[in-house]
Amino acid sequence: MVKEGIKIFSRIKPTKKECGSFEIGENSEGIATLTVHVPRSEASGHVNNKLETYTFQFTNVFDQTATQEQVFDLVAKGVIDNCLEGYNGTIFAYGQTGSGKTFTITGGTQKYSDRGIIPRTLSYLFSQYQKRSGLVFTTLVSYLEIYNDSGYDLLDPRHEASKLEDLPKVHLMEDSTGNIHLKNLSMHQATNEEEALNWLFLGDTNRMIAETPMNMASTRSHCIFTIHFSAREPGSDIIKRSKLHLVDLAGSERVGKSNVSGTLLAEAKYINLSLHYLEQVIVALSEKSRVHIPYRNSMMTSVLRDSLGGNCMTSMIATCAVERRNVDETISTCRFSQRVALVKNEAIVNEELDPKLMVAKLKLQVQELKEELSMATGEERTDELTEEEKKSCDESVNAYVADTDPESRLQIGADMRKIQLCFRLMKSFIHQQSSNETSSEGRAASSGNSSEGLRAEKPSYADNKQLQQLQELLKQRDDEISNFSFLQQQSLRATQYSLIGCVQNGSALYFFVYH
């Protein structure tokens, strides 16, 4: 478990003219600081004791010359790397309307270098997949829009042909463990960077955008682009799941300055109210004595429950418009950032057993236990083998026959049904091989007859075996005849010899000598 605070960053929106109302520096501890200067009011008739300078600390402050690549490298890369290791992550932009939140998160459309955090994240992700070739990754994306505190699916194919009010709303559902599930929010698989970007562009075209006095293209809703990861090693039953929220919050605005009315006024009320509920959650999390956290006050805070004080690694980027007329909003944004920095998240690696592999392993274990039980009781099973078991036996026999190792074994267990099936498969295989050899020899014989005339047929495998047996029997008979001849010769030689001696018969003397 990793316990850390939310990292806060600040980005200064470029201005047409130089503005001396802010200053970027570092304190004595080397922490980046942003100092905002407020001009003293020249109104006469009363004493003005307001502060003239406000200093705020950030993880890093991006000045007006910072590029999109620099922002991505410092804000997003670390969060994405942690997501690939199994941690949840969130990156969200906060600030007043027209301060550059959408440009930072989504990017601009004029130049390729203006790509924002979301498209750069997708590109970085798939490049990391190729580097980590030892893992199998699955990527799903979803795009949620919260408009007037109601959720809509930006990737719904009916979005272009229907009015927003006619589309099915995304509803929050909470399970017994406290996890939030979003009904009617679709998730789409992306196998490469191009598919993921297509889903992103589809969602961006369906967003609610309107022109206001303070922003020519003001997003009138909160949008959450979520990337769901899953990674596992081949053959392993442990799978890591994580998600990355990339949040573009709608900008707060003061109705007194914008002077909007009608639909724009209603939208501004919902935006400011949801941001107020977000601040309530942040304040409650920063106070250690608070027990209840008001996540359920709005849909946005409910969706981002894990990102704020939960199982997540979170980074926030505060966008600031530093023109003199926006100084008060800039100070308010920076104060909110300081409260966010006090929130502590407890992130853990999300590991779980793959359900499919777990089911397969349990089925195999049950089968082995049944076989052991049948052996112990001596009871022979009479039920038919399943198609899956028959297929497994067929694959095992083919692998055993194809294996050239003489020490290889056919592992099918102690089930007599499987043993009999494997014998039948092997018998069928041998007969098929014999028929193939016979047919090939017949074709060769017919080809020889056509070119060289009649020729004696080549003996079959059975004839060769019978001939070999006859030859062995003939050899055995020859050996027996040779042994009998040798014994007979030894007997004849024994009768031709005797001891030297003499016998007198009358006057004759006879001599017997062994030759």
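Residues numbered from 1 in each chain as written. Predicted model: local features only at pLDDT ≥ 70, side-chain atom pairs only at ≥ 80, totals over all residues. Heavy atoms only, no water.

Draft legend 1. Expanded view of helix 6 (residues 263-286). For helix 6, spanning 24 residues, the distance from its first C-alpha to its last is 35 Å, which sits close to the expected 34 Å at 1.5 Å a residue. Of the positions making up helix 6, those classed as buried are Leu264, Glu267, Ala268, Ile271, Ser274, Leu275, Leu278, Val281, Ile282 and Ala284. (Helix = DSSP H or I, 4+ residues; strand = E, 2+ residues; numbered from the N terminus. Expected span 1.5 Å × (residues − 1). Buried < 20%, exposed > 50% of the residue type's maximum accessible area, 1.4 Å probe, protein only.)

Draft legend 2. Structural view of the packing of helix 6 against helix 8 (residues 327-340). Running from amino to carboxyl end, helix 6 crosses helix 8 at an angle of 40 degrees, the nearest separation of the two axes being 9 Å. Comparing the axis directions of helix 6 and helix 8 gives the class oblique. In this structure, helix 6 contributes Leu278, Glu279, Ile282, Val283 and Ser286 to the contact, and helix 8 contributes Phe336, Arg339 and Val340. For the contact of helix 6 with helix 8, the class distribution of residues is five nonpolar, one polar and two charged. (Axes fitted to C-alpha atoms, helices over the stretch in contact; angles between N-to-C directions. Parallel < 35°, antiparallel > 145°, perpendicular 65-115°, else oblique. Contact = heavy atoms within 4.5 Å. Nonpolar A, V, L, I, M, F, W, Y, C, P; charged D, E, K, R; others polar.)

Draft legend 3. Examining the pairing of strand 3 (residues 22-26) more closely. In this structure, strand 3 lies alongside strand 4 (residues 32-37), joined through five bridges in antiparallel fashion. Paired with Ile24 across the strands is Leu34, a residue of strand 4. Count of turn residues in the strand 3/strand 4 antiparallel hairpin: five residues, of which Gly30 carries a positive phi of about 80 degrees. (Pairing = 2+ DSSP bridges.)

Draft legend 4. Representation of the confidence of the model for the protein within the structure. Per-residue confidence for the protein gives a mean pLDDT of 81, with 82% of residues at or over 70. Confidence drops under pLDDT 50 across residues 453-457; counting only partners more than four residues distant or on other chains, this segment forms three contacts. The model gives residues 495-515 a pLDDT under 50, and that stretch makes 23 contacts with residues more than four places away or in other chains. (pLDDT = per-residue confidence, 0-100.)

Draft legend 5. Spatial organisation of the packing of aromatic side chains. Across all of its chains, the model carries six aromatic pairs by this definition. Where Tyr94 meets Phe336, the ring centres are 4.1 Å apart and the plane angle is 20 degrees; that geometry is what we call stacked. Of the two residues, Tyr94 sits in strand 7 (residues 89-95) while Phe336 sits in helix 8, which places them 242 residues apart along the sequence. For Tyr94, a relative accessible area of 8% gives the class buried. (Phe/Tyr/Trp six-rings, centres within 6.5 Å; stacked < 30°, edge-to-face > 60°.)

Draft legend 6. Representation of the sheet that holds strand 3 in the model. With respect to topology, three strands assemble into an open sheet ordered 3-4-5, the strand pairing being antiparallel. Of all the strands in the sheet, just strand 3 and strand 5 (53-58) have a single pairing partner and so form its edges. On average, adjacent strands in this sheet sit at an angle of 25 degrees to one another, irrespective of strand direction. Docked against the sheet, helix 8 engages strand 4 and strand 5, running at close to 40 degrees with respect to strand 5.

Draft legend 7. Focus on the pattern of salt bridges. Per the stated rule, a full pass over the model turns up nine salt bridges. Between Glu279 and Arg339 there is a salt bridge, with its nearest N and O atoms 2.7 Å apart. Here Glu279, found in helix 6, pairs with Arg339, found in helix 8; they are 60 residues apart in sequence, far enough to count as distant. Residue Glu279 is classed as partly exposed on the basis of its relative accessible area of 27%. Classification of Arg339 by relative accessible area gives partly exposed; the value is 29%. Glu287 is the salt-bridge partner of Arg290, the closest N and O atoms lying 3.5 Å from each other. On the basis of relative accessible area, Glu287 is assigned to the partly exposed category, the value being 34%. In the salt-bridge network here, residues are joined through shared partners; they are Glu174, Arg296 and Arg305. (Salt bridge = Lys/Arg side-chain N within 4 Å of Asp/Glu carboxyl O.)

Draft legend 8. Spatial organisation of the side chain of Asn345. Turning to its location among the elements, Asn345 is positioned in strand 18 (residues 344-347). Engagement of the side chain of Asn345 in a polar contact is seen with the backbone nitrogen of Gly309, the distance being 2.5 Å. A distance of 3.2 Å separates a polar side-chain atom of Asn345 from the backbone oxygen of Cys312. With residues up to four places along the chain from it excluded, the contact list for Asn345 reads Val2, Lys3, Glu4, Ile6, Ser307, Leu308, Gly309, Gly310, Cys312 and Thr314. (Polar contact = N/O pair within 3.5 Å; in protein donor to acceptor, adjacent residues only side chain to side chain.)

Draft legend 9. Geometry of a nonpolar patch on the surface. On the surface, Tyr400, Val401, Phe429 and Ile430 cluster together into a nonpolar patch covering about 320 Å² of accessible area. Here Phe429 shows up in helix 11 (residues 416-452). For Phe429, a relative accessible area of 32% corresponds to the partly exposed category. (Patch = residues over 30% accessible without salt bridge, like charges linked within 9 Å, V, L, I, M, F, W, Y side chains within 5 Å. Areas by Shrake-Rupley, 256 points an atom, 1.4 Å probe, with all protein chains shown as cover.)

Draft legend 10. Spotlight on the nonpolar core. Membership of the largest hydrophobic core comes to 44 residues, with the highest contact counts inside it found for Leu34, Leu144, Leu249, Leu308 and Met316. With six residues, the top contributor of residues to this core is helix 6. Not counting residues up to four positions away in its chain, the partners in contact with Leu34 are Ser10, Ile12, Phe22, Glu23, Ile24, Tyr54, Thr55, Phe56, Phe58, Val61, Cys320 and Cys334. Judged by nonpolar contacts, the second largest core, of 38 residues, contains Phe9, Val75, Val141 and Ala196. (Core = buried A, V, L, I, M, F, W, Y, C linked by side-chain atoms within 4.5 Å.)

Draft legend 11. Region of interest: the packing of helix 1 (residues 68-84) against helix 3 (residues 117-131). Where helix 1 meets helix 3, the closest approach of the two axes is 10 Å, and the angle between their N-to-C directions is 50 degrees. On the basis of the axis angle, helix 1 is oblique to helix 3. Both helix 1 and helix 3 take part in a crossing whose hand is right-handed. From helix 1, Gln68, Glu69, Val71, Phe72, Ala76, Lys77, Ile80, Asp81 and Leu84 reach across to helix 3, where they touch Ile117, Arg120, Thr121, Tyr124, Leu125, Gln128 and Tyr129. A breakdown of the residues in the contact of helix 1 with helix 3 according to their chemical character gives nine nonpolar, three polar and four charged. (Left-handed = near helix turned anticlockwise from the far one by under 90°.)

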